[in-house]
Amino acid sequence: LQCDLFYRMDRMNLDDRLLRWLDMEFRIFRWLESRKYGDYLNHGFAVVEDLIQVALTILNRRKARAGYGLELHLAHLFSMAGIPFSAQPKIEGNKRPDFLFPGDAEYCDPDFPPQRLTFLGVKTTCKDRWRQILSEADRIGLKHLFTLQQGISKTQMNEMKEAGVQLVVPRPYHRMFPEHQRKDLMDLDSFVNYVRSLDSQELLFG
């Protein structure tokens, strides 16, 4: 595969570009996975416990790859967009938020205006795990959360909104949400523009 096929998609918006990358990554992963575990499928298992153990290993590896890969793709998109950030920085209480904008140096500077800081948590699916981000980045009140989950219940959406969580979801997935709640969603382009707007406030605060 040529790098151009993977990274050069200049005419695509950020959401479409990310989804294309994720699809390509998954195709490659599935090919590698079939190569690695092909012998198990061909020869079978002596006992059910062996089958279960291999299945759990495969599932855990898939989950870990999906989450880590998503963070790497987002980091590359932010770099391409030209916005400064820190990924997995160590801040107060040994916390490691997924992304801080413009970075951990600004976050740890008590003189840097907190209203110009942005936090982005990343989870492939939300479910009840979205609450984990509430205790990260104490200086930042509004928590942004990027997810690939296609549709979230009205109750959970209301809980997130009340807790100060702003969902960031790829634009093609917005149609999976109730129509009256789509206005509360951000996509990647609008999130990047939001971060840029805070950076443009430097003249006001500096």
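Refer to the structure presented above.
Residues numbered from 1 in each chain as written. Predicted model: local features only at pLDDT ≥ 70, side-chain atom pairs only at ≥ 80, totals over all residues. Heavy atoms only, no water.

Undergrad: What should I look at first to understand the pattern of salt bridges in this one?
TA: Side chains that carry opposite charge are capable of pairing whenever their charged atoms lie near each other. Applying the stated rule across the entire model yields 6 salt bridges. In this structure, K95 and D138 form a salt bridge, with 2.7 Å as the shortest nitrogen-oxygen distance. Of the two residues, K95 is situated in the loop between β1 (86-87) and β2 (99-101) and D138 in the loop between β3 (118-123) and β4 (143-147); the sequence distance between them amounts to 43 residues. Between E159 and R131 there is a salt bridge; the shortest N-O distance is 2.8 Å. Of the two residues, E159 sits in helix α5 (residues 154-162) while R131 sits in the loop between β3 and β4, which places them 28 residues apart along the sequence. On the basis of relative accessible area, E159 is assigned to the partly exposed category, the value being 30%. Salt bridges here are not isolated pairs; linked through shared partners, they connect K161, K183 and D184. (Salt bridge = Lys/Arg side-chain N within 4 Å of Asp/Glu carboxyl O. Helix = DSSP H or I, 4+ residues; strand = E, 2+ residues; numbered from the N terminus. Buried < 20%, exposed > 50% of the residue type's maximum accessible area, 1.4 Å probe, protein only.)

Undergrad: Sorry if this is basic, but what is going on with the sheet that holds β4 here?
TA: Two orientations exist for strands paired in a sheet by backbone hydrogen bonds: parallel and antiparallel. The 5 strands lie next to each other as β1-β2-β3-β4-β5, forming an open sheet whose pairing is mixed. Single-partner strands in this sheet number two, and they are β1 and β5 (165-168). As paired strands, β4 and β5 are joined by 4 bridges and run parallel to one another. Within β5, the residue paired with F146 across the bridge is V168. Contacting β2, β3, β4 and β5, helix α6 (residues 188-199) runs over the sheet at an angle of about 155° to β3. (Pairing = 2+ DSSP bridges. Contact = heavy atoms within 4.5 Å. Axes fitted to C-alpha atoms, helices over the stretch in contact; angles between N-to-C directions.)

Undergrad: What should I look at first to understand the packing of aromatic side chains in this one?
TA: For any pair of aromatic rings, the description rests on two quantities: the centre-to-centre distance and the angle between the ring planes. Per the stated rule, a full pass over the model turns up 8 aromatic pairs. With centroids separated by 6.2 Å and ring planes inclined at 50°, the aromatic side chains of F85 and F101 adopt a geometry described as tilted. In this pair, F85 sits in the loop between α3 (48-81) and β1 while F101 sits in strand β2, placing the two residues 16 residues apart along the sequence. Residue classification places F101 among the buried positions, given a relative accessible area of 1%. Aromatic ring contacts, followed pair by pair, group F78, F85, F99, F101 and F191 into a single cluster. We note K143 situated over the ring of F119; from NZ or CZ to the ring centre the distance is 5.6 Å. (Phe/Tyr/Trp six-rings, centres within 6.5 Å; stacked < 30°, edge-to-face > 60°. Lys NZ or Arg CZ within 6 Å of the ring centre and 35° of its normal.)

Undergrad: How should the side chain of K123 be read in this particular structure?
TA: Within the secondary structure, K123 is located in strand β3. Buried within the structure, K123 lacks any salt-bridge partner; its nearest side chain of opposite charge belongs to D98, at an N-O separation of 5.7 Å. A polar contact of 2.9 Å, which involves the side chain of K123, links it to the side chain of Q132. The contacts of K123, once residues within four sequence positions are left out, are R129, W130, Q132, I133, L145, F146, T147 and L148. (Lys, Arg positive; Asp, Glu negative; His and termini not counted. Polar contact = N/O pair within 3.5 Å; in protein donor to acceptor, adjacent residues only side chain to side chain.)

Undergrad: Is there a simple way to think about the pairing of β4 in this case?
TA: When a strand is regular, its side chains alternate between the sheet's two faces. In terms of burial, β4 is largely enclosed, as 5 of its 5 residues are buried. Across 5 bridges, β3 lies against β4 in parallel orientation. Bridging across to β4, V122 finds its partner in F146. After leaving β4, the chain enters α5 and then returns to the sheet as β5, a path that is right-handed. (Right-handed = clockwise from strand over helix to strand, strands pointing away.)

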